[in-house]
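The primary structure of each chain is shown beneath.
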Amino acid sequence: MMKSLKTFWEKNLVYFTDIWQYLIIVVIFVIAGIVYLIIN
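About the cut-offs
Residues numbered from 1 in each chain as written. Predicted model: local features only at pLDDT ≥ 70, side-chain atom pairs only at ≥ 80, totals over all residues. Heavy atoms only, no water. Patch = residues over 30% accessible without salt bridge, like charges linked within 9 Å, V, L, I, M, F, W, Y side chains within 5 Å. Areas by Shrake-Rupley, 256 points an atom, 1.4 Å probe, with all protein chains shown as cover. Salt bridge = Lys/Arg side-chain N within 4 Å of Asp/Glu carboxyl O. Buried < 20%, exposed > 50% of the residue type's maximum accessible area, 1.4 Å probe, protein only. Helix = DSSP H or I, 4+ residues; strand = E, 2+ residues; numbered from the N terminus. Phe/Tyr/Trp six-rings, centres within 6.5 Å; stacked < 30°, edge-to-face > 60°.

Caption draft 1: Structural view of a nonpolar patch on the surface. Nonpolar side chains collect at one region of the surface, where Met2, Leu5, Phe8, Trp9, Leu13, Phe16, Ile19, Trp20, Leu23, Ile24 and Ile28 lie side by side and expose about 1,200 Å² of accessible area between them. On the accessibility criterion, Ile19 (48% relative accessible area) is partly exposed.

Caption draft 2: Representation of the pattern of salt bridges. Taken as a whole, this structure holds 1 salt bridge when the rule is applied. Residues Lys6 and Glu10 are paired through a salt bridge, measuring 2.9 Å at the closest nitrogen-oxygen approach. Residue Lys6 and its partner Glu10 are both found in helix α1 (residues 2-39); the two are separated by 4 residues, about one turn of the helix.

Caption draft 3: Representation of the packing of aromatic side chains. Enumeration over the complete set of coordinates arrives at 2 aromatic pairs. Relative to Trp9, the ring of Phe8 has its centre 6.3 Å away and its plane inclined at 75°; by these criteria the two rings are edge-to-face. Geometrically, the ring pair formed by Trp9 and Phe16 is tilted, given 5.6 Å between the ring centres and 40° between the ring planes. Residue Trp9 is classed as partly exposed on the basis of its relative accessible area, which comes to 41%. These aromatic residues form a ring-pair network of at least three members: Phe8, Trp9 and Phe16.

So, in C-alpha cells, the structure goes:
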C-alpha cells in the first residue's frame, strides 16, 4: 500500500508543483493589478 502511494507521489509531484507555481504567479499578477488600480 505505502509503496504504491510513494510511486503515485513520485509520478504526480511534478504536476502539483507546476500548478502551485502557476497559482503563485496568478496571485502576484492579481495583487499587482489591484495595486496599479489603487495608485492610478
